[in-house]
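Summary of the model geometry
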Amino acid sequence: VEDVFSSRLRMRILRILIQVSELNVSEIARRVGVNYESAIKHLRILEDEGIIQHKMFGRIRLYRLDEHSPKTRAVQNLIDTWEHADKQ
Amino acid sequence: VTQGHSVFRDEAKLDINYVPYKLPHRDKELSLLMEFFIFTLQYPEKMAQRVMITGDVGTGKTVLSQRFGTDVAREAGKRGTNLRYVHVNCREYRGSLLLILHHAISVFHPNFPGRGYSAEELLRTFVQILDQENAFVILTLDEFDSLVEKEGSEAVYKLTRLQETRQNKPQRLSLICILRNLNGIQQLDPSTRSTLQSNIISLEKYSKQQLIDILDDRVSMAFRSSAVPEETVGLVAELALAENGNARFGIELLWRAGKYADAEGLGTVAPECARRAVSSIIPAVRKGELASFSLHEKLFLLSIARLFNKSQKVRISLSEAEQAYAVVCEEFTTKPHSHTQLWTYLQTFSVAGIIEKEVSATDSRGRSTLICLPRIPARELEKELSGLLEQREV
């Protein structure tokens, strides 16, 4: 669990994917503010944890949350609760 | 204008993108379109269809296709088939196959990156997505000629012969190509052209009565009851007919006329509102032209303008105009010109595009000349002429 929550970048990637549901690597890298290699490294860690998954379309790799994973739902709940509490 | 006093009930029903549930005078074409796709609907994997829809501006090509798209997707849904209708205006995408395909893909993957590959790659990706999602698409290429113009035969060939590169796989992509006439595809090579031309639906121009039916239909949806008199609908239909039977023009004119009525707080959309609306779209008569008319031409035209302004009629007879002219002459203390002379003046106004004249059907009292003032607001015309006549008096 530390592998996921200890990284500011990985948390930002998860928040972006919760917002837009699906995105390619270059766009994730741009939005997070890191280079392609760094983004792919973090995405692989999240995928290995079973929180996100990807599909290939030619050379394009689209990442999205793995909706069936209980870990994904837990992360979504955590972020929702956190942001909701901040607004109150 | 407060909501309570507006002539409108629901302006959105006059919007260019609104697709009505029923399409007056296009039901046969809608059935035919459905007929072309019936096999595709029953056995989507076995057959992809290609249809062309042709017709002039405002003959209902786009709306016909969109109505069909909604109906066919709903029908497919009932049968458990994932069939999507995707409508693309090629001109909006600068006729680029790449941009058109990107739009089609974005229906399935809204954040699909927009750069970095060729049209071929994107077409392969599109089919891959359809295979993965077991989806079928009817892709409508509106203003198809702009794609042909930009990309030529090659792009159209790729779209129409897609299945040849994937033997024994499900057919995924059907096409509807919309264009004004077949001249738009003359530059395609003969084989691509023949692939497209097997099913053609050509839409005829609407008649005046058909335009009235279409406008009546929209009036009942968009305006409060009795807010638009029959005469106004008739006048708008006539103007739309003069614009090549363009129903879209008529619908837009109705909206604009409604806006004029609201701005003046009239409560009803009088024919005068339609005249003002059309003069805001079509350049009205030049002021210089009015100034060059002789005194009696001005007086006669002033009497016509006054009659229209007062009566709210769409047409007036020559004899009514003559009577009004006699009153105007009295006002300006001058002797009226003869009937024959007035008829000549009428001819001049007609040539200048100020009025339109028609001969009424023969009745027991013979034929009479009717005058119509379709383009210029009677009030503005009266104001302009009064100004010119006053200058002369000074």
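One can find the structure itself at the top, above this paragraph.
Our subject in this report is the structure included herewith. (Residues numbered from 1 in each chain as written. Chains lettered and ligands numbered in written order. Predicted model: local features only at pLDDT ≥ 70, side-chain atom pairs only at ≥ 80, totals over all residues. Heavy atoms only, no water.)

**Overview of the overall build of chain A**
Per the secondary structure count, chain A includes five helices and three strands. Counting from the amino terminus, helix and strand elements in chain A follow one another as α-α-β-α-α-β-β-α. The C-alpha radius of gyration of chain A comes to 13 Å, within 12% of the 12 Å expected for a compact globule of 88 residues. The C-alpha extent of chain A, read off along each of the three principal axes, is 45 × 25 × 25 Å. Burial statistics for chain A: of 88 residues in total, 39% are counted as buried. Counting only contacts in chain A whose residues sit at least 6 apart along the sequence, the fraction spanning at least 24 positions is 44%. If you sum the accessible surface of chain A, you get close to 5,400 Å²; carbon and sulfur atoms cover 49% of it. Here chain A contributes 15 positive and 13 negative side-chain charges, whose respective centroids are spaced 5 Å apart. (Helix = DSSP H or I, 4+ residues; strand = E, 2+ residues; numbered from the N terminus. Rg over C-alpha atoms; globule rule 2.2 N^0.38 Å. Buried < 20%, exposed > 50% of the residue type's maximum accessible area, 1.4 Å probe, protein only. Contact = heavy atoms within 4.5 Å. Areas by Shrake-Rupley, 256 points an atom, 1.4 Å probe, with all protein chains shown as cover. Lys, Arg positive; Asp, Glu negative; His and termini not counted. Charge placed at Lys NZ, Arg CZ, Asp CG, Glu CD.)

**Some thoughts on the sheet that holds strand β5 (residues 200–203) of chain B**
All names here are of chain B. Strand order in the open sheet made by the five strands is β2-β3-β4-β1-β5, with parallel pairing throughout. Strand pairing shows two members of the sheet lacking a second neighbour, β2 (82–89) and β5, which therefore form its edges. Each adjacent strand pair in this sheet contributes to an overall mean axis angle of 15°, direction not counted. Examined bridge by bridge, strand β1 (residues 50–55) and strand β4 (residues 173–179) share five bridges and lie parallel to one another. Looking at the pairing, Arg-50 lines up with Leu-175 of β4. (Pairing = 2+ DSSP bridges. Axes fitted to C-alpha atoms, helices over the stretch in contact; angles between N-to-C directions.)

**Side note on the pairing of β4 of chain B**
Residue and element names in this part refer to chain B. Here β4 lies mainly inside the structure; seven of its seven residues are buried. By the alternation rule, side chains of β4 split into Leu-173, Leu-175, Cys-177 and Leu-179 and Ser-174, Ile-176 and Ile-178, which are all buried. For the crossover that starts at strand β3 (residues 135–142), traverses helix α5 (residues 144–160) and ends in the parallel β4, the hand is right-handed. (Right-handed = clockwise from strand over helix to strand, strands pointing away.)

**Quick word on the side chain of Asn-89 of chain B**
Along the polypeptide, Asn-89 of chain B turns up in strand β2. For Asn-89 of chain B, the contacting residues outside a window of four places in its chain are Asp-142 and Glu-143 of chain B.

**Section: the interface of chain A and chain B**
On the chain B side, the residues contacting the 11 residues of chain A number 11 residues. When chain A packs against chain B, the two sides together hide about 980 Å² of surface, and 49% of this comes from carbon and sulfur. The tally of links from chain A across to chain B stands at one salt bridge. Put simply, Arg-59 of chain A and Glu-121 of chain B hold a salt bridge, and the shortest N to O gap is 2.9 Å. In this structure, the connection of chain A to chain B is made through five residue pairs in polar contact (both at pLDDT 80 or more). Mapped onto the side of chain A that touches chain B, the elements with two or more residues apiece are β1 (22–24), β2 (52–57) and β3 (60–65) of chain A. Classifying every residue of the side of chain A that touches chain B gives six nonpolar, two polar and three charged. (Buried area = accessible area lost by both parts, 1.4 Å probe. Salt bridge = Lys/Arg side-chain N within 4 Å of Asp/Glu carboxyl O. Polar contact = N/O pair within 3.5 Å; in protein donor to acceptor, adjacent residues only side chain to side chain. Nonpolar A, V, L, I, M, F, W, Y, C, P; charged D, E, K, R; others polar.)

**A look at the packing of aromatic side chains**
Centre-to-centre distance and the angle between the planes together describe a pair of aromatic rings. Residue and element names in this part refer to chain B. In the structure shown here, the tally under the stated rule is nine aromatic pairs over all chains. Plain terms: the ring middles of Phe-112 and Tyr-117 are 6.0 Å apart, the flat faces sit at 45° to each other, and that makes the pair tilted. Ring geometry for Phe-300 against Tyr-325: centres 5.5 Å apart, planes inclined by 75°, an arrangement best described as edge-to-face. With Phe-300 in helix α12 (residues 295–311) and Tyr-325 in helix α13 (residues 318–331), the pair connects residues that are 25 residues apart, well separated along the chain. (Phe/Tyr/Trp six-rings, centres within 6.5 Å; stacked < 30°, edge-to-face > 60°.)

**Re the nonpolar core**
Residues and elements named next belong to chain B. Formed by 40 residues in total, the largest nonpolar core has its most connected members in Phe-126, Leu-139, Leu-141, Phe-144, Leu-147 and Leu-159. Once residues within four sequence positions are removed from consideration, Leu-147 is found in contact with Cys-90, Gly-95, Ser-96, Leu-97, Ile-100, Leu-141, Gly-152, Val-156 and Leu-159. One finds Tyr-206, Leu-215, Leu-235 and Ala-247 within the second-largest nonpolar core, a separate group that totals 34 residues. (Core = buried A, V, L, I, M, F, W, Y, C linked by side-chain atoms within 4.5 Å.)

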